[in-house]
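# Report on the structure
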Amino acid sequence: MKVFYKSRSGGFTIIELIVVIVIIGIITIVAVPQFANTLRNKRLYDAVEKLNDDLNYCRDYAISQHTNTWIRFRIAQNRYRLFYGTSWATRIRLIDPARNSTAWFTISNDFIGVSLQSVSFTRRRISFDWWGTPSEGGTVVLTNGTNTHTITVNAETGYVQR
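Residues numbered from 1 in each chain as written. Predicted model: local features only at pLDDT ≥ 70, side-chain atom pairs only at ≥ 80, totals over all residues. Heavy atoms only, no water.

### Some points on the overall build of the chain
Each helix and strand in the chain was counted, giving two helices and nine strands. Mapped in sequence order, the helices and strands of the chain form the string α-β-β-β-β-α-β-β-β-β-β. Relative to the compact-globule value of 15 Å for 162 residues, the chain shows a C-alpha radius of gyration of 27 Å, a clear excess of over 25%. Taking the principal axes of the C-alpha coordinates as reference, the chain spans close to 110 × 25 × 25 Å. A burial count over the chain gives 31% of its 162 residues as buried. In the chain, 53% of the contacts between residues at least 6 apart in sequence involve partners at least 24 apart. Split by element, the accessible area of the chain, about 10400 Å² in all, is 57% carbon and sulfur. For the chain, the separation between the mean place of its 19 positive charges and that of its 11 negative charges on side chains is 10 Å. (Helix = DSSP H or I, 4+ residues; strand = E, 2+ residues; numbered from the N terminus. Rg over C-alpha atoms; globule rule 2.2 N^0.38 Å. Buried < 20%, exposed > 50% of the residue type's maximum accessible area, 1.4 Å probe, protein only. Contact = heavy atoms within 4.5 Å. Areas by Shrake-Rupley, 256 points an atom, 1.4 Å probe, with all protein chains shown as cover. Lys, Arg positive; Asp, Glu negative; His and termini not counted. Charge placed at Lys NZ, Arg CZ, Asp CG, Glu CD.)

### Let's talk about the side chain of T67
In this fold, T67 is placed in the loop between α1 (14-65) and β1 (68-74). Its relative accessible area of 13% is what places T67 among the buried residues. In this structure the side chain of T67 is engaged in a polar contact, spanning 3.2 Å, whose partner is the backbone oxygen of G85. Residue contacts for T67: discarding those within four places in its chain leaves Y61, A62, Y84, G85, T86, F128, D129 and W130. (Polar contact = N/O pair within 3.5 Å; in protein donor to acceptor, adjacent residues only side chain to side chain.)

### Quick look at the nonpolar core
If you look at the biggest cluster of nonpolar residues, it comprises 27 residues, and the most contacted ones within it are F73, I107 and L142. Put simply, the parts of the chain that give this core at least two residues each are α1, β1, β2 (79-85), β5 (115-119), β6 (125-128), β7 (138-143) and β8 (148-153). In terms of residue count, the dominant contributor to this core is α1 (eight residues). With near-sequence residues (within four places) excluded, F73 lies in contact with L51, R79, Y80, L116, V119, F121, R124, I126 and V140. (Core = buried A, V, L, I, M, F, W, Y, C linked by side-chain atoms within 4.5 Å.)

### Details of unusual backbone geometry
Within the chain, N78 stands out as a residue other than glycine whose phi angle is a positive 60°. Mapped onto the fold, N78 is located in the loop between β1 and β2. Among the residues examined, N78 registers a relative accessible area of 9% and is labelled buried.

### Let's talk about a nonpolar patch on the surface
Together, F12, I14, I15, L17, I18, V19, V22, I23, I26, I27, I29 and V30 make up an exposed nonpolar region whose accessible area comes to about 1200 Å². The residue I15 is located in helix α1 in this model. I15 gets classed as exposed once you look at its relative accessible area, which sits at 57%. (Patch = residues over 30% accessible without salt bridge, like charges linked within 9 Å, V, L, I, M, F, W, Y side chains within 5 Å. Salt bridge = Lys/Arg side-chain N within 4 Å of Asp/Glu carboxyl O.)

### Topic: the pairing of β6
Every second residue of β6 is oriented toward a common face, with R125 and S127 on one face and I126 and F128 on the other, all of them buried. Here β1 pairs with β6 via four bridges, running antiparallel. Bridge pairing in β6 places R72 opposite R125. (Pairing = 2+ DSSP bridges.)

### Focus: the sheet that holds strand β9 (residues 160-161)
If you walk across this open sheet you meet the four strands as β5-β7-β8-β9, and the pairing is antiparallel. The sheet terminates laterally at β5 and β9, the two strands that pair on one side only. Those strands touched by α1 are β7, β8 and β9, and its axis lies near 10° from that of β8. (Axes fitted to C-alpha atoms, helices over the stretch in contact; angles between N-to-C directions.)

### Thoughts on α1
For α1, built from 52 residues, the straight-helix expectation of 76 Å at 1.5 Å per residue is met to within 8% by its first-to-last C-alpha distance of 73 Å. For α1, the full list of buried residues reads L44, A47, V48, E49, K50, L51, N52, D54, L55, C58, Y61 and A62. Of the residues flanking the end of α1, it is H66, one or two places downstream, whose phi is positive at about 50°. (Expected span 1.5 Å × (residues − 1).)

Purely geometric stuff here, so don't read any function into it on its own.
Next comes the structure, spelled out in structure tokens:
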């Protein structure tokens, strides 16, 4: 007499499901902190790019318009603003072309978790004359709490290096 057994097909055992869930949990535990760190570093990189662009914009504006330009930093408020004019006393707010605004640019509003750590310019401002020469060389340091990035302005050429 032949006995036929019905073969099992089309399903998973509870053990197989638990093993898959544990593997997914381990991958998540490893990947999520790495993703958060990558996101923080991306925000820092983007903030550095924005400030680098604004420094170069001020320099280029001074040259093209035969005027003086300034960037004024306020570390405690985590912001900066662009100006132009013949002197600091008669300065006019310069429109930031990326935002089409003359308002203060607060770094942490656009780049969450990023802040100004330090500015080495006298009176926390740098100016460019109509030759594009800066008032002084110096650095601006941005941080995301874990990493820092320094932007340097060359005193002789006005070249901005990130």
